Amino acid sequence: MSESSRNTKGTFADPIFGRLLTAMVTPFTSDGAVDEQKTAELAEDLVARGHDGLIVCGTTGEYSTMTDEENEQVFRIVKEAVGQKAKIVAGVGSNDTAHTLHLTKLAEGVGVDGLLVVTPYYNKPTQAGLKAHFTAVADAAETPVMLYDIPGRAGIPIQPDTYKALAEHKNIVAVKDAKADFGAATEVMAATDLQFYSGDDGLTLPWLSMGAVGLVGVTTHVAPELFRQLIDATVGQDLARAQELHLKLAPVVAATMTRVPGCVSAKKILSWQGKLDSAFVRLPHVEPTTEEEALIRADLENSVVADTLIR
């Protein structure tokens, strides 16, 4: 891509979806239904505490255990609750292109601001298959697309040459990168105008330092203000403050991301903080064991968010 044709999809100074986004959990009642009131309240709370946008019905939102009707329901609840204050990005990806296109249609009917499209998992298509899948979605959509590269779940990465080809599409504008291949990402950033977002909470500082525009986090449920400060300090070139916050957040990241799956720990911590009435997760996820809860709480009690826990 020539220099003159780049930078048409936003800039580092003006990221299209903002800088701080959370991949939001989907609150369920104790019997497993979508909790509409708590979904709206959680979205409002996150935005009030510094978020520029929310990812709804992504991996952390347990979308793969939800019906299409429930996904559309959550898109609508969050859009109506905070859509005038924050960007709403709907998770529409699956391992079936036709199903992804159906979810895309539902999300666009609600009026979301973006679409998160994960690398098709389980199928393990070729890079040509990935290009065809993402292009089919972008061709059908009128809404900007964020690619989600997470080979740990999908089994395959999006390779740099595939990114470069996809970046030519006017609707493909951003990447949530959860593979942490900084060399590959640098190659893509240097050659395209795709905006990269850290998909690893604990790597927010290094991602921003090399040109990513922001974070799509899970730990950001737990300590949104501190992540906001970390991002602002990095963008403002206050490296000492950013390093201080990075280290302070380490035990919070450990609690949320290393003991059990992120959606499980985030819901449990939010229930301890009084944000959720229920930490219910749908199978195949289960709530933390007593031993796992103890590990999570120990991490938090040695962290900067210790005073937010309900005893």
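Counting from 1, residues in each chain are numbered in the order their sequence is written. Given that the model is predicted, a residue must reach a pLDDT of at least 70 before its local features are reported, and side-chain atom pairs must reach 80 or more before they are shown or counted; all residues, however, enter totals for whole chains, interfaces and linings. Note: side-chain values were computed over all heavy atoms of the structure, leaving out hydrogens and water.

Visitor: When you look at the UniProt feature "active site" (unreviewed entry) in the protein in this model, what are you seeing that I'm missing?
Guide: UniProt positions are given in the numbering used here, feature names are shortened, and annotations may be inferred rather than shown by experiment. Within the UniProt annotation, "active site" (unreviewed entry) is assigned to Tyr148 and Lys176. Separation in sequence by 29 residues is not matched in space for these annotated residues, since their most distant C-alpha atoms are only 4.7 Å apart. Helix and strand definitions follow DSSP, with helices as H or I runs of at least four residues and strands as E runs of at least two, each counted in order from the N terminus. Residue position: Tyr148 is located in strand E5 (residues 145–149). Note on contacts: a residue pair qualifies if any of its non-hydrogen atoms lie within 4.5 Å across the two residues. In contact with Tyr148, not counting residues within four places along its chain, are Thr59, Leu116, Val117, Val118, Thr119, Lys176 and Ala178. Relative to the helices and strands, Lys176 resides in strand E6 (residues 172–177).

Visitor: Is there a simple way to think about the pairing of strand E4 (residues 114–118) in this case?
Guide: Within a regular strand, the side chains alternate between the two sheet faces. Three labels apply to residues, based on accessible area from a 1.4 Å probe with only protein chains included: buried if under 20% of the type maximum, exposed if over 50%, partly exposed otherwise in between. With 5 of 5 residues buried, E4 is to be regarded as a mostly interior element. Of the two faces of E4, the one lined by Gly114, Leu116 and Val118 and the one lined by Leu115 and Val117 are each fully buried. Across 3 bridges, strand E3 (residues 87–91) lies against E4 in parallel orientation. Among the inter-strand pairings, Gly91 is bridged to a residue of E4, identified as Leu116. Strand pairing is assigned whenever DSSP identifies at least 2 bridges connecting the two strands.

Visitor: Is there a simple way to think about the nonpolar core in this case?
Guide: The tendency in soluble globular proteins is for nonpolar side chains to be buried as a group. Membership of the largest hydrophobic core comes to 72 residues, with the highest contact counts inside it found for Val78 and Phe196. Among the elements that make up this core, the one with the highest residue count is helix H2 (residues 68–82) (6 residues). If we ignore the near neighbours within four places in the chain, the residues touching Val78 are Met24, Thr39, Ala43, Leu54, Val56, Gly83 and Ile88. Only buried residues count toward a nonpolar core, which is a set of Ala, Val, Leu, Ile, Met, Phe, Trp, Tyr and Cys residues joined through side-chain atoms within 4.5 Å. Leu208, Ala233, Leu249 and Val252 belong to the second-largest nonpolar core, a separate cluster that totals 27 residues.

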